[in-house]
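Each chain is listed here by its residues.
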Amino acid sequence: DDVLSKRTRNCRFLFENPANPSNVWACLRTIDSFGIQNIDLIVDSPRYQGKAALAQKRGMRTAMGSAQWLTLRNYASTKQAVEDLKSQGYRLYA
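Reference entry: report on the structure contained in this document. (Residues numbered from 1 in each chain as written. Predicted model: local features only at pLDDT ≥ 70, side-chain atom pairs only at ≥ 80, totals over all residues. Heavy atoms only, no water.)

1. Focus: the overall build of the chain
Here's step 1: On a plain count of helices and strands, the chain comes out with four helices and three strands.
Here's step 2: Moving toward the C terminus, one meets the helices and strands of the chain in the order α-β-α-β-α-β-α.
Here's step 3: Looking at the chain as a whole, 35% of its 94 residues qualify as buried.
Here's step 4: In the chain, the share of contacts with a sequence separation of at least 24, taken over all contacts with a separation of at least 6, comes to 82%.
Here's step 5: For the chain, the exposed surface amounts to about 6400 Å²; the carbon and sulfur share of it is 52%. (Helix = DSSP H or I, 4+ residues; strand = E, 2+ residues; numbered from the N terminus. Buried < 20%, exposed > 50% of the residue type's maximum accessible area, 1.4 Å probe, protein only. Contact = heavy atoms within 4.5 Å. Areas by Shrake-Rupley, 256 points an atom, 1.4 Å probe, with all protein chains shown as cover.)

Below you can see the structure in the form of structure tokens.
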């Protein structure tokens, strides 16, 4: 609990429809190691079918050790994510 209370909430990472979902799970492990708490994802589910869905599931299993300590939020659209994050006072950089 002491370590979790020291995690930063001053910055967040937003992933938008990643071409390779496994890369996101690898990033989650790195983000966790830097003590960043909040991760936002925009995932268009129909894009992840067939091989992409299998890669996503494999990567998800690998990253679950880190993901359990992170706050993950899914958005249905980029517009929704941008509006929500800006309303919370975050600046977005690409």
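2. Side note on the pairing of strand β2 (residues 36-42)
Looking along a regular strand, one sees the side chains alternate between the two faces of the sheet.
Here's step 1: Taking burial as the measure, the seven residues of β2 include seven buried ones, the bulk of the element.
Here's step 2: Here strand β1 (residues 8-16) runs beside β2; their pairing, made up of six bridges, is parallel. Paired with L14 across the bridge in β2 is D40. (Pairing = 2+ DSSP bridges.)

3. Observations concerning the nonpolar core
Here's step 1: Counting nine residues, the largest nonpolar core consists of F15, V24, W25, L28, I31, I36, I39, L41 and L70.
Here's step 2: Secondary-structure elements contributing two or more residues to this core are α2 (21-33) and β2.
Here's step 3: Residue contributions to this core peak at four residues, all from α2.
Here's step 4: Within the second largest apolar cluster, five residues are counted, among which are I42, Y75, A81 and L85. (Core = buried A, V, L, I, M, F, W, Y, C linked by side-chain atoms within 4.5 Å.)

4. Digging into the environment of Y75
Here's step 1: The residue Y75 is located in strand β3 (residues 71-75) in this model.
Here's step 2: Sequence-wise, Y75 and L14 are 61 residues apart; in three dimensions their C-alpha atoms are separated by 9.9 Å.
Here's step 3: The contact partners of Y75, leaving out residues within four places of it in the chain, are D40, L41, I42, V43, Q80, A81, D84, L85 and Q88.
Here's step 4: Polar side-chain contacts of Y75 include one of 2.4 Å to the side chain of D84. (Polar contact = N/O pair within 3.5 Å; in protein donor to acceptor, adjacent residues only side chain to side chain.)

5. Considerations on the sheet that holds β3
What links the strands of a sheet is backbone hydrogen bonding, and the strands pair in either a parallel or an antiparallel sense.
Here's step 1: Strand order across the open sheet formed by three strands is β1-β2-β3, with parallel pairing between neighbours. On the outer flanks of this sheet lie β1 and β3, each paired with one strand and no other. Averaged over all neighbouring strand pairs, the angle between strand axes comes to 20°, with direction disregarded.
Here's step 2: In the sheet, β2 pairs with β3 via five bridges, with the strands oriented parallel. Each residue of the ladder has a partner; that of D40, found in β3, is R73.
Here's step 3: Packed on one face of the sheet, helix α4 (residues 78-87) meets β1, β2 and β3 and runs near 130° to β3. (Axes fitted to C-alpha atoms, helices over the stretch in contact; angles between N-to-C directions.)

6. Details of the pattern of salt bridges
Here's step 1: Enumeration according to the criterion identifies four salt bridges in this entry.
Here's step 2: The salt bridge partner of R73 is D84, with a shortest N-O separation of 2.7 Å. Taken together, the residues span a long stretch of sequence, with R73 in strand β3 and D84 in helix α4 at a distance of eleven residues. (Salt bridge = Lys/Arg side-chain N within 4 Å of Asp/Glu carboxyl O.)

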